[in-house]
Amino acid sequence: MVVRARLVLIVAAFVAGLLSVFAVVVIVSGREPGAVATPAAAIGGPFRLIDQNGRTVTEDDFKGRPFLVFFGYTHCPDVCPTTLFDISEMLGKLGPDAERVGALFITVDPERDTPEQLKDYLSSFNPRLTGLTGDPAAIEAVAREYRVYAKKVPTGNGEYAMDHTALTYLMNKDGRFVAPFNLKRTPEDAAADLRRYF
Ligand SMILES: [Cu+2]
């Protein structure tokens, strides 16, 4: 229950942040139309990370395809595996069209989530998932761009968990943020929704 309550808080904080971005845009655009960044521009951005096969991956690799971004870590007890399972089910429903989307799992725990660890972990999920890690500075930078909250929480014996934002971001084929992507529906419905952004 504590974990759940904490996650609710994290999501609430994110939504509040998002709303304030929209509010600022509305206020600014009221004054000076045409010279304003869209809210979409406020979330996401360039990154340079390493995938589970040791290859360098940047946002350019997803140009022309909508993609989902989820931040988490492989030692996560429930939210990450559940989300990755839901994304996997949806990718399965896309069939061959799964090649037309990206699905990124970016670690907030680069210390433990090496490319090898990601590869091992992701072998339980849809092979089209891209696991991404990097040096702590690169991870911090991409988390900041996506306004992701992540914090180490010691659990005793030198072990730790990570509190983290548990949103799945839908980015369009220009790499711009569209909206949080809803996975709490049938994989068929989620897949149909994603197809609208091909
Ligand atoms: Cu998690």
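Because the structure is predicted, anything quoted here is derived from the model rather than measured.

A. Inspection of the nonpolar core at higher detail. With 50 residues, the main nonpolar core has Phe71, Tyr146 and Tyr169 as its most contacted residues. Breaking this core down by element, the ones donating at least two residues are β3 (67-72), α2 (79-94), β4 (102-107), α3 (115-122), α4 (136-145), β7 (159-164), β8 (168-171) and α5 (187-195). When residues in this core are grouped by element, the largest group, 7 residues, is from α2.

B. Geometry of the coordination of the copper ion. Protein coordination at the copper ion comes from Cys76 (SG), Cys80 (SG) and His164 (NE2), with a distance range of 2.1 to 2.2 Å. Mapped onto the sequence, the residues coordinating the copper ion show the spacing C-x3-C-x83-H. Like Cys80, Cys76 is buried.

C. Structural view of the pattern of salt bridges. Using the criterion set out here, one finds 11 salt bridges in the structure. The closest approach of N and O atoms between Glu188 and Lys93, which form a salt bridge, is 3.5 Å. Linking Glu188 in helix α5 with Lys93 in helix α2, this pair joins segments that are 95 residues apart in sequence. Judged by its relative accessible area of 43%, Glu188 falls in the partly exposed class. Its relative accessible area of 42% is what places Lys93 among the partly exposed residues. Note that Arg195 is salt-bridged to Asp97, the shortest N-O span being 2.5 Å.

D. Representation of the packing of aromatic side chains within the structure. Summed over the entire model, instances satisfying the criterion amount to 8 aromatic pairs. Each ring, one from Tyr121 and one from Phe125, has its centre 5.5 Å from the other, and the planes form 55 degrees; the classification is tilted. Of the two residues, Tyr121 and Phe125, neither departs from the other in class, the shared state being buried. For the ring pair Tyr169 and Phe177, a centre distance of 5.9 Å and an interplane angle of 65 degrees mean the geometry is edge-to-face. Phe177 shares its class with Tyr169; the two are buried. Through a chain of ring-to-ring contacts, the aromatic side chains of Phe70, Phe105, Tyr121 and Phe125 assemble into a single cluster. Just above the ring of Tyr160 sits the side chain of Arg112; from NZ or CZ to the centre is 3.6 Å.

E. Structural detail: α3. All of the buried residues in α3 are Pro115, Leu118, Tyr121 and Leu122. Down the axis of α3, the smallest arc covering the buried residues is 130 degrees, so these residues share one side. Facing away from the buried side of α3, by more than 90 degrees, are the exposed residues Glu116 and Asp120. On its buried face, α3 is in contact with β1 (48-51), α2, β4 and β5 (130-133).

F. Here's a closer look at α2. With 16 residues, α2 should cover 22 Å at 1.5 Å per step; its first-to-last C-alpha distance of 23 Å lies within 8% of that length. Restricting attention to buried positions, one finds in α2 the residues Val79, Cys80, Thr83, Leu84, Asp86, Ile87, Ser88, Met90, Leu91 and Leu94. One or two residues past the end of α2 sits Gly95, with phi positive at roughly 60 degrees.

G. The confidence of the model for the protein chain, seen in detail. When pLDDT is averaged along the protein chain, the result is 87; 79% of the residues meet or exceed 70. This model gives residues 19-37 a pLDDT under 50, and the stretch forms 9 contacts once residues within four places in sequence are excluded.

H. Fine view of the side chain of Thr58. One can find Thr58 in strand β2 (residues 56-58). Look past the residues within four positions of Thr58 in its chain and what remains in contact with it is Phe47 and Arg48.

I. The sheet that holds β3, seen in detail. Taken in spatial order, the 7 strands of this open sheet run β2-β1-β5-β4-β3-β8-β9, and their pairing is mixed. Only two strands of the sheet have a single partner each, and these edge strands are β2 and β9 (177-180). With direction set aside, neighbouring strand axes in the sheet form an average angle of 35 degrees. Set on the sheet, α4 makes contact with β1, β3, β4 and β5; between it and β1 the angle comes to about 115 degrees.

Criteria and cut-off values
For every chain, the first residue of the written sequence is number 1, and numbering continues from 1 onward in sequence order. Local features are withheld for residues below a pLDDT of 70 in this predicted model, meaning they are given only at 70 or higher, and side-chain atom pairs are given and counted only at 80 or more; totals for whole chains, interfaces and linings count all residues. Hydrogen atoms and water are omitted, and side-chain values are computed over all heavy atoms in the structure. In this description, a nonpolar core means a group of buried Ala, Val, Leu, Ile, Met, Phe, Trp, Tyr and Cys residues linked to one another through side-chain atoms lying within 4.5 Å. Burial classes follow relative accessibility: with a 1.4 Å probe on protein chains only, a residue under 20% of its type's maximum area counts as buried, one over 50% as exposed, and anything between as partly exposed. Secondary structure elements follow DSSP: runs of H or I of four or more residues count as helices, runs of E of two or more count as strands, with numbering from the N terminus. Atoms of type N, O and S within 2.8 Å of a metal are treated as its donors, and for Na, K and Ca the window is 3.2 Å; water is not considered, so some sites may appear to be missing partners. Every case where a carboxyl oxygen of Asp or Glu lies within 4 Å of a side-chain nitrogen of Lys or Arg is listed as a salt bridge. Geometry of aromatic contacts follows a simple scheme: Phe, Tyr and Trp rings, the Trp one being its six-membered ring, pair when their centres are within 6.5 Å, and the pair is stacked under 30 degrees between planes, edge-to-face over 60, tilted otherwise. Two limits define a charge over a ring: the Lys NZ or Arg CZ must be within 6 Å of the ring centre, and within 35 degrees of the ring normal. The arc in question is the one spanned by the directions pointing from the helix axis to the C-beta atoms. Any two residues whose heavy atoms approach within 4.5 Å at even a single point are treated as in contact. Each residue after the first adds 1.5 Å to the expected span of a helix. Scored between 0 and 100, pLDDT is the confidence that the predictor attaches to each residue. Strand pairing requires that DSSP identify at least two bridges connecting the strands. Axis angles are defined between N-to-C directions and span 0 to 180 degrees, where every axis is a line fitted to C-alpha atoms and, for a helix, only to the segment in contact.

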